[in-house]
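# A look at the structure
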Amino acid sequence: MKQLICGILMTLCLAGSAHAAIDAYEFNTEAERERYRTLVEELRCPKCQNQNIADSNAPIAMDLRREIYRMVEQGQSNEQIVDYLVARYGDFVRYKPPVNAKTLVLWYGPFALLALGLGVLAFILIRRRRAAASPSAHTLSEAERARLATLLDKKRP
Amino acid sequence: MKRLLMLLPLAIFLFVAVFLYRGLFLDPTELPSALIGKPLPAFSLPSVEDPARLITAEDIKGKPALVNVWATWCVSCKVEHPVLNELAKRGVNIYGVNYKDDTAAAQKWLREFHDPYLLNISDAQGSLGLDLGVYGAPETFIVDKQGVIRHKYVGVIDERVWREELAPLYQELVDE
């Protein structure tokens, strides 16, 4: 039991220090802090496969956090900061890739598939409705109707 | 028509299978460099051998070369080092970027393991590394006579990598 509590406490301490490493920067305004936070959360760490700069403990992520902090303090815009990193590390660092010829399928592929699915659905529905509406299947000719009437009349008491 | 439609799932399967098969052999840790076709970023940093001397991008121009990013804290750089020595012996121009390292440790390393570099740039703060888009070490750039980056290789250069991937391009730049 004691060991368990010890373990939990140690984990909590470690978690605390990890956060401290991220939040150690002092900002002049709350808006700047907010901007910094969005940027480090939106940008991907080049060394890690699927971690943003905020979460990663890789040395390169620390450097990039410092660099982003510096640029935020200098008053550079979000676009400038993102462009600065993209110029060095490529589009890989953006979790939201730009729309260009290479990413066209990525951005619009799902919509194309959705349209294709709707098209197939519409095709099936129309065919079914047409089949239902076609005279051969469910409507009776004049002669058949007359015969049906006589049959029904006969049954009637 | 009906029969062709029945083949559609098979066609879709084959299409997806080709993509997945290709995915098996892709290395997701390999990033294409954003700097291919661009000149080396401007810098002015001290030399490892002689900290009083400043090296700039101008010093790298003039001949095709490898620009190798290394550090004494980088374990795989130690593996790569003998290969670089061998390449230097064969006359390949190699420049070093000593990335976020302690200069004294770097000097000791070069004394102990032999120095294959024509010049060694001391990038203690990692500022040149950042401009080069370095995210680990070792990384090696191939630059042409004009100092334009033509290729980037991430990871340890061994005989096979050199022979198959880098040597043909390097030779092409030498012949240019």
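Source: prediction; values computed, not measured.

### Observations regarding the overall build of chain B
Of regular secondary structure, chain B possesses six helices and seven strands. Taken from N to C terminus, the helices and strands of chain B fall in the order α-α-β-β-β-α-β-α-β-α-β-β-α. Here the C-alpha atoms of chain B give a radius of gyration of 21 Å, more than 25% beyond the 16 Å that 2.2 N^0.38 yields for 176 residues. Along the first, second and third principal axes, the C-alpha atoms of chain B reach 80 × 35 × 30 Å. Every one of the 176 residues in chain B was classed for burial, and the buried ones make up 31%. For chain B, restricting intrachain contacts to residue pairs at least 6 apart in sequence, the fraction spanning at least 24 positions comes to 73%.

### Thoughts on the pairing of strand 5 (residues 119–123) of chain B
Residues and elements named next belong to chain B. Of all five residues making up strand 5, four are buried, and the element is well covered by its neighbours. Two elements, strand 4 (residues 94–99) and strand 5, share five bridges in a ladder whose sense is parallel. Counterpart to Tyr95 in the pairing with strand 5 is Leu119. Handedness of the strand 4-helix 4 (residues 103–113)-strand 5 crossover: right-handed.

### Observations concerning the sheet that holds strand 7 (residues 149–154) of chain B
Residues and elements named next belong to chain B. Across the sheet, five strands lie side by side as 5-4-3-6-7; this open sheet has mixed pairing. Whereas interior strands pair on both sides, the edge strands pair on one side only; in this sheet they are strand 5 and strand 7. Across the sheet, the mean angle from the axis of one strand to that of its neighbour is 20°, orientation sign disregarded. Of the strand pairs in this sheet, strand 6 (residues 139–143) and strand 7 are connected by five bridges, and their pairing is antiparallel. The partner of Thr140 across the bridge, within strand 7, is Tyr153. Along the sheet face, helix 6 (residues 159–175) touches strand 6 and strand 7 and points at about 165° away from the line of strand 7.

### Regarding the confidence of the model for chain B
For chain B, the mean per-residue pLDDT works out to 91, and 100% of the residues sit at or above 70. The ipTM assigned to the predicted complex is 0.77, against a pTM of 0.73.

### Describing the interface of chain B and chain A
Counting residues at the interface gives 12 residues for chain B, matched by 12 residues for chain A. Residue composition of the side of chain B that touches chain A, by class: six nonpolar, five polar and one charged.

About the thresholds
Residues numbered from 1 in each chain as written. Chains lettered and ligands numbered in written order. Predicted model: local features only at pLDDT ≥ 70, side-chain atom pairs only at ≥ 80, totals over all residues. Helix = DSSP H or I, 4+ residues; strand = E, 2+ residues; numbered from the N terminus. Rg over C-alpha atoms; globule rule 2.2 N^0.38 Å. Buried ≥ 20, exposed ≤ 12 C-beta atoms within 10 Å, placed from the backbone. Contact = placed C-beta atoms within 7 Å. Pairing = 2+ DSSP bridges. Right-handed = clockwise from strand over helix to strand, strands pointing away. Axes fitted to C-alpha atoms, helices over the stretch in contact; angles between N-to-C directions. pLDDT = per-residue confidence, 0-100. Nonpolar A, V, L, I, M, F, W, Y, C, P; charged D, E, K, R; others polar.

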